[in-house]
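Secondary and tertiary structure notes
The primary structure of each chain is shown beneath.
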Amino acid sequence: MLRIELVTGDITVQRVDAIVNAAYSSLLGGGGVDGAIHAAGGPEILAECRRLRATALPGGLPTGEAVATTAGRLHARWVIHTVGPVWPDEGAEADARRRLLAAAYRNSIGLAASLGAASVALPAVSAGVYGWPATDAARVALSTAADAPAPGLIRFVLFSPAMRDVFAEAAAALGIDEAAAD
Ligand code: ADP
């Protein structure tokens, strides 16, 4: 059975099988949650990202797709890197971008499941520097997770209590039972 947890905290200290990273397309590190994951996980993660760029992904990771690397020193087996879309300035593009955000979640969770992960921690992809409004980000994240070919546990790790509240409201509105764990 799928269990969805919403917690406030730092994703880099989670003990789960797979930790999802909101990466940049370059896979070569950046700020926000990406910077935190590389800083806490150590250089092995970046080394594997560089190898991916030199082999399977010379042009970088396309938006909405996901790829796995070692988790380095993190308490996890894999980091799943995904690239969320930037929030569109033009309203007309919103639906297409929303599908890409859903794809980022679906592909991350699907890849974790196919690797054999029974638990996966995810941040609020695109809801930082990429500017996605929190309420909409939460709705896309939760509705996609609830439909996913699931590992047993999907834990959203929200960096602030305010973001956790937004996710909790979205879960209630979508009729998704969350197992509050914090
Ligand atoms: P994006 O470029 O996809 O918007 P960001 O890293 O800027 O990615 O932000 C995504 C979300 O991750 C934001 O809500 C941000 O507050 C959050 N975040 C930043 N650091 C951490 C962390 N260590 N653990 C969990 N969430 C984090």
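Going by the structure above, here's the rest.
Now for a look at the structure at hand. As the structure is a prediction and not an experimental result, all values here were calculated from the model.

Calculation criteria
- Residues numbered from 1 in each chain as written.
- Predicted model: local features only at pLDDT ≥ 70, side-chain atom pairs only at ≥ 80, totals over all residues.
- Heavy atoms only, no water.
- Salt bridge = Lys/Arg side-chain N within 4 Å of Asp/Glu carboxyl O.
- Buried < 20%, exposed > 50% of the residue type's maximum accessible area, 1.4 Å probe, protein only.
- Helix = DSSP H or I, 4+ residues; strand = E, 2+ residues; numbered from the N terminus.
- Phe/Tyr/Trp six-rings, centres within 6.5 Å; stacked < 30°, edge-to-face > 60°.
- Near = heavy atom within 4 Å.
- Polar contact = N/O pair within 3.5 Å; in protein donor to acceptor, adjacent residues only side chain to side chain.
- Areas by Shrake-Rupley, 256 points an atom, 1.4 Å probe, with all protein chains shown as cover.
- Nonpolar A, V, L, I, M, F, W, Y, C, P; charged D, E, K, R; others polar.

Scanning the entire structure with this criterion turns up 7 salt bridges. R3 is paired through a salt bridge with E5; the nearest N and O atoms lie 2.9 Å apart. Assessed through its relative accessible area of 42%, R3 is described here as partly exposed. Between E5 and R155 there is a salt bridge, and its shortest N-O distance comes to 2.7 Å. Of the two residues, E5 sits in strand β1 (residues 3-8) while R155 sits in strand β6 (residues 153-158), which places them 150 residues apart along the sequence. The exposure class assigned to E5 is buried, which follows from its relative accessible area of 5%. Here R155 falls in the buried class, since its relative accessible area comes to 16%.

Inspection of every chain in the model, using the stated rule, returns 4 aromatic pairs. An angle of 75 degrees between the planes, with centres 5.7 Å apart, marks the rings of Y24 and Y130 as edge-to-face. Placement of Y24 in the loop between β2 (18-22) and α1 (32-41) and of Y130 in the loop between β5 (119-122) and α4 (134-146) is noted, with a sequence separation of 106 residues between them. Taken together, the ring pairs connect Y105, F156 and F167 into an aromatic cluster.

Turning to the site of the ligand, a few remarks are in order. The ligand sits among 17 residues. The nearest are D10, V33, S126, G128 and V129. One nitrogen or oxygen atom from the main chain of S126 is found 2.8 Å from an oxygen atom belonging to the ligand. At 3.0 Å from an oxygen atom of the ligand is found a main-chain nitrogen or oxygen belonging to Y130. Coverage of the ligand by the protein chains reaches 89% of its 560 Å² of free accessible surface. Considering only residue class, the shell around the ligand consists of 12 nonpolar, 4 polar and 1 charged.

Purely spatial values, then, with no claim about function.
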